[in-house]
Amino acid sequence: MYDIPLLTDKEMGNLGKSLQNLVRKKSRKTRLPFVTLKFAQTLDGKIATITGDSKWISGPTSLRFAHQLRSFHDAILVGVDTILQDDPQLTVRLVKGKNPQRIIVDSQLRTPLDSNILKGKAAFSTFIATTSLSEVKKIKEYQSNGAQVWVLKKDRANQVDLQNLLHELGKRDVRSVLVEGGSRILSSFLKKRLADHLVIVIAPKIIGKGMNYVDVSTLQRFKNLNSFSSPKLFRSGEDVILEAFLKE
Ligand SMILES: NC(=O)c1ccc[n+]([C@@H]2O[C@H](COP(=O)([O-])OP(=O)(O)OC[C@H]3O[C@@H](n4cnc5c(N)ncnc54)[C@H](OP(=O)(O)O)[C@@H]3O)[C@@H](O)[C@H]2O)c1
């Protein structure tokens, strides 16, 4: 029987080192950041319940792993609806390690000014990627809190053009980005083939109705599918972690 290895500290260290190499390689070749998509899903492929609750999908060991993974990246990125639903801090608290820069993708500045991510000193490492749909007056309110607001190109859906965002991050020496969700942001990265690396925490739970991690209707043809190679599996408490890389 195939035995799935435990994700030990040594394996975690190896993952960190191999990431560093891949990040360096991509940066040298393209000047663009290396993009990891990471999320926790149930056995039936859901990343949140029907009401948007996603807090208790993965177990405590995987949560520690998630914080370690954050510390391996220069920046962590989420969509504005994850801020509205979860009000996360997006910091490294459960392991030793640096806090990445925090990026919210928010085309019309819906991020509440009293979000955890904008409280106190945290605001100074928070970047909001928005579009010209946002009012200048509103942009100034976030800036006076200490956050940086970048007005970027719009895509066809009038949302933040993610390719443009990655270019801007590359220019600012951000060499790796951890995309933590939610579903719409993950779908956009996949649809535009902007992901390099996929990390899925699979929890032995079934939700039934809930939020799929990717909106498959955005992938209209098989030729546009994202295929991943070199998969690795690890056990993490009761969860299983799958790691794979986008096929060229
Ligand atoms: N299980 C997990 O690992 C995990 C992780 C994170 C979140 N979640 C769950 O996911 C849910 C939130 O997911 P969601 O799909 O509703 O929202 P989301 O992906 O967090 O945010 C989507 C929003 O981002 C903005 N956006 C701007 N540019 C975009 C672009 N190019 N592509 C896509 N979105 C863009 C859009 O709002 P504007 O048009 O207003 O800009 C869009 O509605 C929550 O329930 C949360 O708990 C689960």
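For the structure itself, look to the data block above.
Residues numbered from 1 in each chain as written. Predicted model: local features only at pLDDT ≥ 70, side-chain atom pairs only at ≥ 80, totals over all residues. Heavy atoms only, no water.

Draft legend 1. Summary view of the site of the ligand. What surrounds the ligand is a group of 28 residues, the closest being S54, D81, T82, S107 and S188. At 3.1 Å, a side-chain N or O of Q159 approaches an oxygen atom of the ligand. Within the contact set of the ligand, an oxygen atom lies 2.8 Å away from a backbone nitrogen or oxygen of R184. For the ligand, the accessible surface in isolation is 930 Å², of which the surrounding protein chains cover 93%. (Near = heavy atom within 4 Å. Polar contact = N/O pair within 3.5 Å; in protein donor to acceptor, adjacent residues only side chain to side chain. Areas by Shrake-Rupley, 256 points an atom, 1.4 Å probe, with all protein chains shown as cover.)

Draft legend 2. Inspection of the pattern of salt bridges at higher detail. Counted by the stated rule, this structure contains 9 salt bridges. Its salt-bridge partner being K98, residue D74 comes within 3.9 Å of it at the nearest N-O pair. On the criterion of sequence distance, the pair formed by D74 in the loop between helix 2 (60-71) and strand 3 (75-79) and K98 in the loop between helix 3 (80-86) and strand 4 (101-105) is long-range, its members being 24 residues apart. Under the relative-accessibility criterion, D74 is labelled partly exposed at 26%. Here the residues in one salt-bridge network are D81, R110 and R184, joined through shared partners. (Salt bridge = Lys/Arg side-chain N within 4 Å of Asp/Glu carboxyl O. Helix = DSSP H or I, 4+ residues; strand = E, 2+ residues; numbered from the N terminus. Buried < 20%, exposed > 50% of the residue type's maximum accessible area, 1.4 Å probe, protein only.)

Draft legend 3. Main features of the sheet that holds strand 11 (residues 239-246). In spatial order, the strands read 6-5-4-3-7-1-8-11-10; together these 9 strands make up an open sheet with mixed pairing. Each having just a single partner strand, strand 6 (148-151) and strand 10 (228-236) make up the two edges of the open sheet. Taking each pair of neighbouring strands and ignoring which way they run, the sheet shows an average axis angle of 20°. Across 4 bridges, strand 4 lies against strand 5 (residues 126-130) in parallel orientation. Residue I103 lies in a different strand from strand 5, and its bridge partner there is F127. Seen against the sheet, helix 5 (residues 162-171) touches strand 1 (34-42), strand 3, strand 4, strand 5, strand 6 and strand 7 (176-179) and runs at an angle of roughly 160° to strand 4. (Pairing = 2+ DSSP bridges. Axes fitted to C-alpha atoms, helices over the stretch in contact; angles between N-to-C directions. Contact = heavy atoms within 4.5 Å.)

Draft legend 4. The nonpolar core, seen in detail. L37, L77, L165, L169, V179 and F189 are the most contacted members of the largest nonpolar core, which has 29 residues in total. Counting only elements with at least two residues in this core, the list comes to strand 1, strand 3, strand 4, strand 5, helix 5, strand 7, helix 6 (183-191) and strand 8 (197-203). Setting aside residues no more than four positions away along its own chain, L37 makes contact with V179, L186, F189, L190, A195, H197, L198 and V199. By size, the runner-up hydrophobic cluster in this structure holds 17 residues, among which are L19, A40, L69 and F234. (Core = buried A, V, L, I, M, F, W, Y, C linked by side-chain atoms within 4.5 Å.)

Draft legend 5. Just the environment of E141, in detail. Mapped onto the secondary structure, E141 falls in helix 4 (residues 136-145). As for E141 and R93, which are separated by 48 residues in sequence, their C-alpha atoms are 28 Å apart.

Draft legend 6. Just the side chain of D106, in detail. As for its placement among the helices and strands, D106 is situated in the loop between strand 4 and strand 5. Buried within the structure, D106 lacks any salt-bridge partner; its nearest side chain of opposite charge belongs to R110, at an N-O separation of 4.9 Å. In this structure D106 touches V80, T111, I128, A129, T130 and V160, once residues within four positions along its chain are discounted. (Lys, Arg positive; Asp, Glu negative; His and termini not counted.)

Draft legend 7. Region of interest: a positive patch on the surface. On the surface, a cluster of positive charge is contributed by R24, K25, R28, K29, R31 and R175. Structurally, R175 is set in the loop between helix 5 and strand 7. The partly exposed category is assigned to R175, whose relative accessible area is 35%. (Patch = residues over 30% accessible without salt bridge, like charges linked within 9 Å, V, L, I, M, F, W, Y side chains within 5 Å. Charge placed at Lys NZ, Arg CZ, Asp CG, Glu CD.)

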